[in-house]
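# Results of the structural survey
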Amino acid sequence: AIDPAVLQNFTERLDALETAMAQQQTDQGDTASTAQLAALAARIETLESALTDTAALARNAQSTANEASAQSRDADTGEASRRLAARALALTALREIAITGESFEAERAALARLWRGNEDLAAMSSYARSGVPSRDVLTADYPGDAIREAAGPGRVFFGLIEVRRSDGEGDATGPLAITGLAENRLAEQDLAGAVTLTEQLDGAALESARDWLLAARARLDIEARLLSLRQALAEEAARQGEDPA
């Protein structure tokens, strides 16, 4: 038989051994976990350092980009201002020569080089070389007599005296009335009104005014396009913060 005291002693020693083994396993697990945590913490610290460096580089890059953008805007603004001034001077030269009736192709071409793709300048090329009569010339050259002559004979008294109305009174829709009204409009510096009235003629009367109408329409077209160019420059100046004047 086994002595109970020996068995008890053996049992106690076995329990102690199992407890020691369990504790050893726990200690080894804690050690491994501690090592893993330490490695993870080191890696996190490395990543945080890299992230801090990356953020600093990004801030420096953004600052550099902002400075470059500001310099670019300043350069663009300076170039835009110089271009605006050059166009304004060229337009002034074009307008001064275009209103005289002389050829203005050189001035038109100079502005076209500074303002590529502008439709008004392209449209003016059709009569820039020959020029267009001035308003004063158009007023003086209005073919009133030719229109009245083409309108037919006046009233003849006793076969000796021919009477023709030239004051625009009488038939308001006849060529004589229209001619008189157009001449009155020209006297009032209303070229557009005179053109509108003259366009109401027909037949031989209209044919006699054909050349004058072509020149007058060209003059009105030039003035409209010069005004359009001036307005475009004013709008561009306003966008740049410049004085539109």
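Our structure is the block above this text.
Cut-off values and rules
Residues numbered from 1 in each chain as written. Predicted model: local features only at pLDDT ≥ 70, side-chain atom pairs only at ≥ 80, totals over all residues. Heavy atoms only, no water. Buried < 20%, exposed > 50% of the residue type's maximum accessible area, 1.4 Å probe, protein only. Helix = DSSP H or I, 4+ residues; strand = E, 2+ residues; numbered from the N terminus. Arc of directions from axis to C-beta. 1 Å grid on protein atoms, 1.4 Å probe; cavity = no way out; pocket = protein on both sides within 12 Å on 5 of 7 lines; lining within 4 Å. Points joined across faces, edges and corners; volume = space filled by probe spheres on them. Nonpolar A, V, L, I, M, F, W, Y, C, P; charged D, E, K, R; others polar. Axes fitted to C-alpha atoms, helices over the stretch in contact; angles between N-to-C directions. Parallel < 35°, antiparallel > 145°, perpendicular 65-115°, else oblique. Contact = heavy atoms within 4.5 Å.

## Some thoughts on helix H2 (residues 105-114)
When H2 is considered as a whole, its buried residues turn out to be Glu105, Arg108, Ala109 and Leu111. The buried residues of H2 occupy an angular sector of 165 degrees when projected down its axis, which confines them to one face. Turned more than 90 degrees away from the buried face of H2 sit Ala106 and Arg113, all of them exposed.

## Considering empty space enclosed by the protein
A complete count under the given rule lists one cavity of 30 Å³ or more for this structure. Roughly 40 Å³ of volume is contained in the largest cavity. Around the largest cavity sit Arg135, Thr139, Leu186, Gln189, Asp190 and Leu191, which together line it. When grouped by side-chain class, the residues that make up the lining of the largest cavity number two nonpolar, two polar and two charged.

## A few points about helix H7 (residues 191-198)
Burial analysis of H7 places six of its eight residues in the buried class, the great majority of the element. Within the span of H7, buried status applies to Leu191, Gly193, Ala194, Val195, Leu197 and Thr198.

## Remarks on the packing of helix H6 (residues 175-187) against H7
Two elements in contact, H6 and H7, have axes whose closest approach is 7 Å; the angle formed by their N-to-C orientations is 170 degrees. With respect to each other, H6 and H7 are oriented roughly antiparallel. Taking contact as the criterion, the partners of Ile178, Leu181, Ala182, Arg185 and Leu186 in H6 are, on H7, Leu191, Gly193, Ala194, Leu197 and Thr198.

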